[in-house]
Amino acid sequence: MSKAHPFTIYNASAGSGKTFTLVKEYLKILFHSKYPLAFRNILALTFTNKAVAEMKERVIETLQQFSDETILVKPNSMFNAIVEEMPIEPKELHQKSKIILETIVHNYASFDISTIDKFNHKLIRTFAHDLKLPLNFEVELDTKTLLSKAVDKLIDKAGTDEELTKVLIDFAIEKADDDKSWDVSYDFNNISKLLVSENDIPFINELKHKTLNDFKALKELLTKKNKTLEKDIIAIAQNTLELIVNHGLQFDDFSSSYLPKYFQKLVDGDFNVGFGLVWQSNLIEGSALYPKRVTSETASIIDAIQNQLIIYFEESKAKIVEIKFLKNTLKNITPLSVLSAINQTLNDIKEEEDLLLISEFNSIISNEINAQPAPFIYERIGEKFKHYFIDEFQDTSQLQWQNLIPLVDNALSGENLKGETGSAMIVGDAKQAIYRWRGGKAEQFIDLYSKKVKPFVITQEVKNLPTNYRSTKSIVNFNNAFLKHVSDFAFSNIEHQTIYKNSHQDQFIKEDGYVELSFLDIKNEDEDKDELHCQKVFETIEKVKANGFDLKDICVITRKSKEGIAIAEYLSSRQIPVISSESLLLKNSPEVNFINSIISLATQPKNAQLKIEVLGYLAEHKLNLEDKHSFFESLVHLDVTKLFENLKNYGFTFQFNSFLQMPLYESAETIVRQFDLNGNSNAYLQFYLDEVLDYSQKQSASFSEFISYWETKKDKLSIVSPQGNNAVQIMTIHKSKGLEFP
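Residues numbered from 1 in each chain as written. Predicted model: local features only at pLDDT ≥ 70, side-chain atom pairs only at ≥ 80, totals over all residues. Heavy atoms only, no water.

A. Main features of the pattern of salt bridges. Under the criterion given, the structure shown has 24 salt bridges. The salt bridge partner of K225 is E322, with a shortest N-O separation of 3.3 Å. Note that K225 is positioned in helix 10 (residues 212-246) and E322 in helix 13 (residues 296-337), a separation of 97 residues in sequence. Taking relative accessible area as the criterion, E322 reaches 29% and is therefore assigned partly exposed. (Salt bridge = Lys/Arg side-chain N within 4 Å of Asp/Glu carboxyl O. Helix = DSSP H or I, 4+ residues; strand = E, 2+ residues; numbered from the N terminus. Buried < 20%, exposed > 50% of the residue type's maximum accessible area, 1.4 Å probe, protein only.)

Here you go:
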């Protein structure tokens, strides 16, 4: 076996055997070592928990297969590949597999295949004392809720902080003058997202020392500049119209009067004009600006002044673009001015509640830990990684990669007493980069496999996985043709163009397969486009069913969640069972809503609507009453304590006053038990109780606070998608990444 290159980059398109290659190279390191705990020195990093679970499963499953005696008689492709690429006999490979499998099972915590976030969490937890973080800090995943809390807390300071109060009032008046809602919290919540965006951190750092007065001075300066620009544009437009009139021309001497109307609009102070129109292209290119009906004398006059008209137009366009930029800046300058105040409030909340945002991990490591020597970091985390595997590299952010470079460099350049060096294997596909909005930067991967960037002493070896093992012939052929076709016109960047042009894949599966592109023919603007989309999806599903496929083989992928919701509702109305993130939401469970209604009654005991919700559930799901109205009428007017006492007549024993004294989780369990809500195994109920328990451990956990928390989270909390259900799956393109159907 030729010695493997220590630093390898795999350019792997979809279906090209990426996971197979990762697992094979991982196992080769284990089999090559004489040390059964060699896996402790390997760190495999990938992007999602699902990918982590898949890779761990593949490694364990492969070792199980190799440990079975039948592998010597009927070797699979992985077994043959490893025997071929390593100087090892099949019997020895079989024996080693048994030892390694047993060792991993007994030391599973050291089996380090994880997400980058989990590895970062481990690093930060280790260095918590050095970073002056609470040793028992909690990782907060829900950044949106925490930011909203910080904004609300900041707005609550209105009236106590004079400077801040003035800014808030002025901004509210400004919004009202623009016919927008005076509520400033919407704008502040939007701008606060910049605080947790890795892409924006460098720019936020530039602003953090600026005061409210600094922003006020900037606003005055920009407003003044904006007014000057407006005057300049009006003057240019007046000069243009005078030029036209002084040469004895009329507006209708120009094609459809477009040019003079444009400048007249500017004279009137209306700068809401468009660019890229046909008459503007004709003007710039020197084409005729007049209709055929004008006299030759008029035509020659217009031709003579065309160069001057071009100058006036270009000047006005440049200033209008600048005005639009200034107006956008002015619109956001007040929210930006309070950004540091929001950040300070956010830090106060994190300190009070011992929280750390998951979005902060990369910057903390970059600023505080990355400067430490690699051997010191290894010493602190108690492990020494010699081999690195990084999957989905195109979705890795700049900070994540910069944080890993010192550790990988140490592995590649270091050598142990046996003369062994480390290795690094990076796998990615620039075409699958769909997480740029979360900091992912595909250009990093492009620079590595094109060898434009060489981060280590050892130059990377680049390998391609050219064969598609997953898709049928028609799909591979379609992808090859389509990607090559779009490469000619869809990209302005030459590197991106080259990636798609050279993305050809070889076929492995010889079956034909099927690809169909359908476009909606919408002739009437009054037609409901969403309805037509849903109808077309339904017709396609019916056609696929007729071809012998089960519903569970079908997945509908959408661009946005709202499109998925519309399709799910349409299919459900036509008795097509669906599984979507919306159908799995906890709020869709009658039992969950019933529990929340009773908890809400604890804080609103006179709320008749809540009483009706409680009684409605019991009438429909427990008592199966036909005459619900009489049931409601006999109980809804009662005091809430008496209402529950009267339910004894229907077989329910629930002490409302005792319930009020209980902790949150125990109260929820009591409702489940007393009303026998979990007679059948109910996944929604189990996930809901887990959420209640999780909340009660982290928060003050009063009834009213939990209900407020539920209102903000109910559109996201869901159960895990059940396996094996014969239903159509509906998901967004981001959630579908890495999955295959059927």
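B. Spotlight on the sheet that holds strand 11 (residues 555-558). In spatial order, the strands read 11-13-12; together these three strands make up an open sheet with parallel pairing. Two strands close off the open sheet at either side, each with one partner strand: strand 11 and strand 12 (578-580). Sheet twist, expressed as the mean angle between neighbouring strand axes with direction ignored, is 20°. Summarising the sheet, strand 12 and strand 13 (residues 728-732) pair through three bridges and their orientation is parallel. When the bridges of strand 13 are listed, S580 appears paired with I730. Contacts from helix 22 (residues 561-573) reach strand 11, strand 12 and strand 13 within the one sheet, and its direction differs from that of strand 13 by about 165°. (Pairing = 2+ DSSP bridges. Axes fitted to C-alpha atoms, helices over the stretch in contact; angles between N-to-C directions. Contact = heavy atoms within 4.5 Å.)

C. Highlighting the packing of helix 12 (residues 278-285) against helix 13. Where helix 12 meets helix 13, the closest approach of the two axes is 9 Å, and the angle between their N-to-C directions is 125°. The orientation of helix 12 with respect to helix 13, classified from their angle, is oblique. Seen along the crossing, helix 12 lies across helix 13 with a hand that is left-handed. Contacts from W279, Q280, N282, L283 and I284 in helix 12 reach Q306, L309, I310, F313 and E314 in helix 13. For the contact of helix 12 with helix 13, the class distribution of residues is six nonpolar, three polar and one charged. (Parallel < 35°, antiparallel > 145°, perpendicular 65-115°, else oblique. Left-handed = near helix turned anticlockwise from the far one by under 90°. Nonpolar A, V, L, I, M, F, W, Y, C, P; charged D, E, K, R; others polar.)

D. Geometry of the state of the cysteines. Per the counting criterion, the structure on display carries zero disulfides. Unpaired in this structure, C555 has its nearest cysteine sulfur neighbour in C534, at a distance of 15 Å. (Disulfide = S-S within 2.5 Å.)

E. How the structure looks around the packing of aromatic side chains. Enumeration over the complete set of coordinates arrives at 40 aromatic pairs. Centre to centre, the rings of F39 and F111 are 6.4 Å apart; their planes meet at 90°, and the pair counts as edge-to-face. Of this pair, F39 sits in the loop between helix 1 (18-32) and strand 2 (42-46) while F111 sits in the loop between helix 4 (90-106) and strand 3 (113-115); the two residues are 72 residues apart in sequence, bridging distant segments of the chain. Grouping residues by exposure puts F39 and F111 together as buried. Measuring from ring centre to ring centre gives 5.5 Å for Y695 and F706, while their planes differ by 65°; the resulting arrangement is edge-to-face. Placement of Y695 in helix 29 (residues 683-698) and of F706 in helix 30 (residues 703-713) is noted, with a sequence separation of 11 residues between them. You'll find Y695 and F706 in the same group, each marked buried. Joined through ring pairs, the aromatic side chains of F594, Y617, F644, F652, F654, F656, F659, F675 and F703 make up one cluster. (Phe/Tyr/Trp six-rings, centres within 6.5 Å; stacked < 30°, edge-to-face > 60°.)

F. Looking closely at the environment of Y709. In this fold, Y709 is placed in helix 30. Along the sequence, Y709 and Y695 sit 14 residues apart, while their C-alpha atoms lie 8.9 Å from each other. Polar side-chain contacts of Y709 include one of 2.5 Å to the side chain of E691. (Polar contact = N/O pair within 3.5 Å; in protein donor to acceptor, adjacent residues only side chain to side chain.)

G. Geometry of the sheet that holds strand 1 (residues 7-12). The strand order across the open sheet built from six strands is 3-2-6-7-1-8, with neighbouring strands paired in parallel fashion. Lying at the two open borders of the sheet, with one neighbouring strand each, are strand 3 and strand 8 (461-465). Taking each pair of neighbouring strands and ignoring which way they run, the sheet shows an average axis angle of 20°. In this sheet, strand 3 lies alongside strand 2 in parallel orientation, the contact comprising three bridges. Across the sheet, residue T46 finds its bridge partner in strand 3, namely T115. Helix 2 (residues 49-67) contacts strand 2 and strand 3 of the sheet and is inclined by roughly 175° relative to strand 3. Packing against the sheet, helix 17 (residues 398-413) makes contact with strand 1, strand 2, strand 6 (387-390) and strand 7 (423-428), and its axis sits at approximately 145° to strand 6.

H. Just helix 12, in detail. Within helix 12, the full set of buried residues consists of W279, Q280 and L283. In a view along the axis of helix 12, the buried residues occupy a sector of 100°, so they form one face of it. In helix 12, those exposed residues whose orientation departs by more than 90 degrees from the buried face are V278 and E285. If you follow the buried residues of helix 12, they end up packed against helix 11 (258-267) and helix 13. Among the residues trailing helix 12, G286 stands out with phi positive, at a value near 85°. (Arc of directions from axis to C-beta.)

I. Region of interest: the nonpolar core. Of all hydrophobic cores here, the largest spans 47 residues; its most connected members are F644, L647, I671, F675 and Y688. Of all the elements in the fold, those that place two or more residues in this core are helix 23 (590-603), helix 24 (608-622), helix 25 (628-635), helix 26 (640-646), helix 27 (656-660), helix 28 (664-674), helix 29 and helix 30. Residues contacting L647, with those up to four places away along its chain left out, are L615, L618, F631, L635, F652 and F675. (Core = buried A, V, L, I, M, F, W, Y, C linked by side-chain atoms within 4.5 Å.)

J. Geometry of the packing of helix 24 against helix 25. Here helix 24 crosses helix 25 at 140°, and the two axes come no closer than 10 Å. With respect to their mutual orientation, helix 24 and helix 25 come out oblique. By crossing handedness, the relation of helix 24 to helix 25 is classed as right-handed. Residues I612, L615, G616, A619 and E620 of helix 24 lie in contact with helix 25, whose contacting residues are K628, F631, F632 and L635. Residue composition of the contact of helix 24 with helix 25, grouped by class: six nonpolar, one polar and two charged.

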